[in-house]
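Chain by chain, the residues:
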2 protein chains.
Amino acid sequence: MSSDDDGAWCPIPGRQYDRVVLGHGGGGLLSDELLRDVFLRAFRGDTLAKLEDSAVLPRLAGRLAFTTDAFVVHPLFFPGGDIGRLAVAGTVNDLAVAGAKPLYLSAAFILEEGLLLTDLERIVESMRSTAQEAGVELVAGDTKVVERGKADGAFVVTTGIGVVPEGRTLSVSAAEEGNAVLVSGTLGDHGVAVLARREGLEFETTLESDCAPLASLVDALLERAPSTRALRDPTRGGLASSLVEIAAASRVSIAIDEAQLPLRPEVRAACELFGLDVLHIANEGKLVAIVPESEADAALAAMHAHPLGRNAARIGKVAAERAGQVTLRTSIGAVRVVTQLSGEQLPRIC
Amino acid sequence: MSSDDDGAWCPIPGRQYDRVVLGHGGGGLLSDELLRDVFLRAFRGDTLAKLEDSAVLPRLAGRLAFTTDAFVVHPLFFPGGDIGRLAVAGTVNDLAVAGAKPLYLSAAFILEEGLLLTDLERIVESMRSTAQEAGVELVAGDTKVVERGKADGAFVVTTGIGVVPEGRTLSVSAAEEGNAVLVSGTLGDHGVAVLARREGLEFETTLESDCAPLASLVDALLERAPSTRALRDPTRGGLASSLVEIAAASRVSIAIDEAQLPLRPEVRAACELFGLDVLHIANEGKLVAIVPESEADAALAAMHAHPLGRNAARIGKVAAERAGQVTLRTSIGAVRVVTQLSGEQLPRIC
């Protein structure tokens, strides 16, 4: 493969290309160059730098939590985040809502031939800073390259390992009658921010994705409300999917109150304009908590005191009858059943 | 989204589509249907079936090995394997050559709208049977769907966790002067089998990919040759990349002998026809072992007694001078330096 065909010459010393070429995924010298020049420059951890076939981690005390997520968001960069921040935060949050302390991440990249290396560097730098913010170490990775038109810029898959502290048993099936339903902040910010970037929408203020790692918010919450029953991060499928899953798994019903849902005015406006239901819109830096009534005020106070929980609100409660059902009391006082969407109102949102 | 637009009606009761549609990645009811109908039907493990945000695993004793790999092989199905078998074996093998016992896998799927569900089922069934063969449990997963033309059928990312037994310290940097260099069988089978399928080549016999999980072969080898210094699976970049990496990391030279390389006649013929160097062709069920001379015969005997090591051979030795260099004595007695390719002679091979 010659540099004339596959990418313009780049003036940075030692770098042959300014774009991703197929050879960057070949396992030869160009793969090494990409690894050392882009990935290892950002992730200087000892474990990754050893370049063995597997990372070997220190002995971990406790049960392990293990989760994986693929990220295909379009566009790659959006107000408040990018696919890199999303990929780190998304997996960290899946560990955090399982009650685990997130520790280690792996990242696999599927890159499209022609992706600008400067865009890849922005993504990798964003992963580095988000990992640092979340207190996790990226210890293993892989990169493949597919031909132009066979992918869409970049897809990223992150997988995380955490440790669940002794005695912690959060579960989607543990909600009980009388529990309070809390959310940690405004709903729909991520989905509407990505939609707005995609559609070229302008708001009076810039609406940003809420994309953030939630491990420290979960710690703060569980310290003040240790009997919390269940946590979920309402991403794809939105709050509706999270609540329906909790109601079904716990064999309870959940009633929420539209007037209590924290919403930014831009999100409210976009929902009206596009006919979107905010309950189905993805969030990437929010959690829903099912907390015994006795600890609900403490849980809310803990979230209000945390930068990522300032707009936390109590939005409903759990009841025993009509197991599996979620209902919404609308602002005009009617009650409607909340269901999961069949498909997705906003594809490629995460 | 209506079923008329997005996929033909399928007669299997309860299944709305015969192809992947965008809604299958939406996190709503269609995602649930795909999860239950395709993934959970194959992977009935308790951990996966709990459907929490993270799998919570039993306490593991020992140091953890952790590795991830993205698979973008084209075509998805080839003689001797498919992307599913490749994705399980590839990650299992990265754990095995680190000396770890592979235990748990996660799998993330990026599917192209329009992929036949029967093809997805074949892939998933192949993952199930390969995981069973390797003694690993698939405990976590994720599926995203991108629009037609934004991916190439299916990409699969697997991530694995294993445990490294006490006292085992295999390392790419541990090769020493005088060690023997062994390979576990014929070289180039995977790469040539995929190339042949892609190019419509016919051999007199069907050449099959060697794609297989190697954990039990590694166990057999290490039992008889416990002082083994380093193991690698020569995938992308082929034997050349593995040997160059070992020579560089261990600050030694490696000399191999062309006459000793085990090769199938079809692979030899394809290399001549296409001008390929077998040292750069990917293998997916082979390992290279660096073993002290005192245990080399025992290591070979252990591999010969295992179904995946019947054609194992001693191909060279490690020396101290000219650190980092790999040389090949050709069949006519000349010596040439073996280097890594810059890019890749066969893109999308794994």
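Residues numbered from 1 in each chain as written. Chains lettered and ligands numbered in written order. Predicted model: local features only at pLDDT ≥ 70, side-chain atom pairs only at ≥ 80, totals over all residues. Heavy atoms only, no water.

Undergrad: Give me the lowdown on the side chain of B:Glu284, citing residues and values where you can.
TA: By the secondary structure assignment, B:Glu284 is in the loop between helix H9 (265–274) and strand S11 (288–291). At 6.9 Å, A:Lys144 is the nearest oppositely charged side chain to B:Glu284, a buried residue that forms no salt bridge. If sequence neighbours within four positions are ignored, B:Glu284 has contacts with B:Leu86, B:Asn93, B:His190, B:Asp210, B:Cys211, B:Ala212, B:Thr235 and B:Cys350. (Helix = DSSP H or I, 4+ residues; strand = E, 2+ residues; numbered from the N terminus. Buried < 20%, exposed > 50% of the residue type's maximum accessible area, 1.4 Å probe, protein only. Lys, Arg positive; Asp, Glu negative; His and termini not counted. Salt bridge = Lys/Arg side-chain N within 4 Å of Asp/Glu carboxyl O. Contact = heavy atoms within 4.5 Å.)

Undergrad: Please provide a residue-by-residue account of helix H10 (residues 293–304) of chain A, values included.
TA: Spanning 12 residues, H10(A) covers 17 Å between terminal C-alpha atoms, matching the ideal 16 Å at 1.5 Å per step. Of all the positions in H10(A), only A:Glu295, A:Ala296, A:Ala298, A:Ala299, A:Leu300, A:Ala302 and A:Met303 are classed as buried. (Expected span 1.5 Å × (residues − 1).)

Undergrad: Would you mind going over the relation of the copies chain B and chain A in detail, with residue names and values included?
TA: Under the fitted operation, chain B is carried onto chain A by 0.0 Å of movement along the axis and a turn of 180°, and the coordinates agree to an RMSD of 0.0 Å. Classification of the inter-copy transformation places it as that of a two-fold axis. Looking at the rotation axis and the C-alpha trace of chain B, the residue lying nearest is B:Ala151, at 2.2 Å. Taken together, the interface assignments show that 99% of the residues at the interface of chain B recur at the interface of chain A, consistent with an identical surface on both copies. (Least-squares fit on C-alpha atoms with pLDDT ≥ 70 in both.)

Undergrad: Provide a residue-level description of the domain arrangement of chain A, including the pertinent values.
TA: Residue and element names in this part refer to chain A. In terms of domain boundaries, chain A breaks down into domain 1 (22–51 + 60–164) and domain 2 (180–338). Domain 1 and domain 2 are separated by 27 Å when their C-alpha centres are compared. The partner domain 2 presents 19 residues to the 20 residues of domain 1 that form the contact. Of the roughly 1700 Å² buried between domain 1 and domain 2, counting both surfaces, carbon and sulfur atoms make up 66%. Among the residues domain 1 hides against domain 2, the three largest losses belong to Pro-79, Asn-93 and Val-97. Together they make up 34% of the total. (Domains from an automatic or database assignment. Buried area = accessible area lost by both parts, 1.4 Å probe.)

Undergrad: Please provide a residue-by-residue account of the sheet that holds strand S14 (residues 335–338) of chain A, values included.
TA: Residues and elements named next belong to chain A. Strand order in the open sheet made by the 7 strands is S9-S11-S8-S12-S10-S13-S14, with mixed pairing throughout. Single-partner strands in this sheet number two, and they are strand S9 (230–232) and S14. Averaged over all neighbouring strand pairs, the angle between strand axes comes to 25°, with direction disregarded. When strand S8 (residues 180–183) meets strand S12 (residues 313–319), the two strands line up antiparallel, connected through 4 bridges. Bridging from a neighbouring strand, Ala-180 pairs with Lys-317 of S12. Packed on one face of the sheet, H10 meets S8, strand S11 (288–291) and S12 and runs near 10° to S8. (Pairing = 2+ DSSP bridges. Axes fitted to C-alpha atoms, helices over the stretch in contact; angles between N-to-C directions.)

Undergrad: Just give me the short version of the pattern of salt bridges, but keep the residues and values in it.
TA: A complete count under the given rule lists 40 salt bridges over all chains for this structure. In this structure, A:Asp152 and B:Lys150 form a salt bridge, with 3.7 Å as the shortest nitrogen-oxygen distance. A residue pair is termed interchain when its members come from two chains, as with A:Asp152 in the loop between strand S6 (137–146) and strand S7 (154–164) and B:Lys150 in the loop between strand S6 (137–146) and strand S7 (154–164). Linking A:Arg232 and B:Asp53 is a salt bridge whose minimum nitrogen-to-oxygen distance equals 3.3 Å. Taken as a pair, A:Arg232 in strand S9 and B:Asp53 in the loop between helix H3 (46–49) and strand S1 (55–57) lie in two separate chains rather than in one. On the basis of relative accessible area, A:Arg232 is assigned to the buried category, the value being 6%.

Undergrad: Could you give an account of the environment of B:Val92, with specific residues and numbers?
TA: Residue and element names in this part refer to chain B. Assignment of secondary structure puts Val-92 in helix H4 (residues 83–96). The buried category is assigned to Val-92, whose relative accessible area is 0%. Along the primary structure Val-92 and Leu-214 are separated by 122 residues, whereas in three dimensions their C-alpha atoms are 7.3 Å apart. When residues no more than four places from it in sequence are discounted, the contact partners of Val-92 are Pro-102, Ala-134, Val-136, Pro-213 and Ala-215.

Undergrad: Requested: an account of the packing of aromatic side chains, with residues and values cited.
TA: Inspection of the entire model under this criterion finds 3 aromatic pairs over all chains. Ring plane angle 50° and centroid distance 4.9 Å describe the contact between A:Phe39 and A:Phe109, whose orientation is recorded as tilted. Here A:Phe39 is found in helix H2 (residues 29–42), whereas its partner A:Phe109 is found in strand S5 (residues 101–112), with 70 residues between them in sequence. Accessibility expressed as a relative area gives 6% for A:Phe39, which makes it buried. Over the ring of B:Phe71 we find A:Lys144, and its NZ or CZ is 5.0 Å from the ring centre. (Phe/Tyr/Trp six-rings, centres within 6.5 Å; stacked < 30°, edge-to-face > 60°. Lys NZ or Arg CZ within 6 Å of the ring centre and 35° of its normal.)

Undergrad: Pulling in residues and values, what's your account of the packing of helix H4 (residues 83–96) of chain A against helix H5 (residues 117–134) of chain A?
TA: Residues and elements named next belong to chain A. Orientation of H4 relative to H5, taken along the N-to-C sense of each, is 30°, at an axis distance of 7 Å. Taken together, the axes of H4 and H5 are roughly parallel relative to one another. Classified by chirality, the crossing of H5 by H4 is right-handed. Counting all contacts with H4, which are made through Ile-83, Gly-84, Arg-85, Val-88, Ala-89 and Val-92, the residues of H5 involved are Ile-123, Ser-126, Met-127, Thr-130, Ala-131, Glu-133 and Ala-134. Among the residues making up the contact of H4 with H5, the classes are represented as 8 nonpolar, 3 polar and 2 charged. (Parallel < 35°, antiparallel > 145°, perpendicular 65-115°, else oblique. Left-handed = near helix turned anticlockwise from the far one by under 90°. Nonpolar A, V, L, I, M, F, W, Y, C, P; charged D, E, K, R; others polar.)

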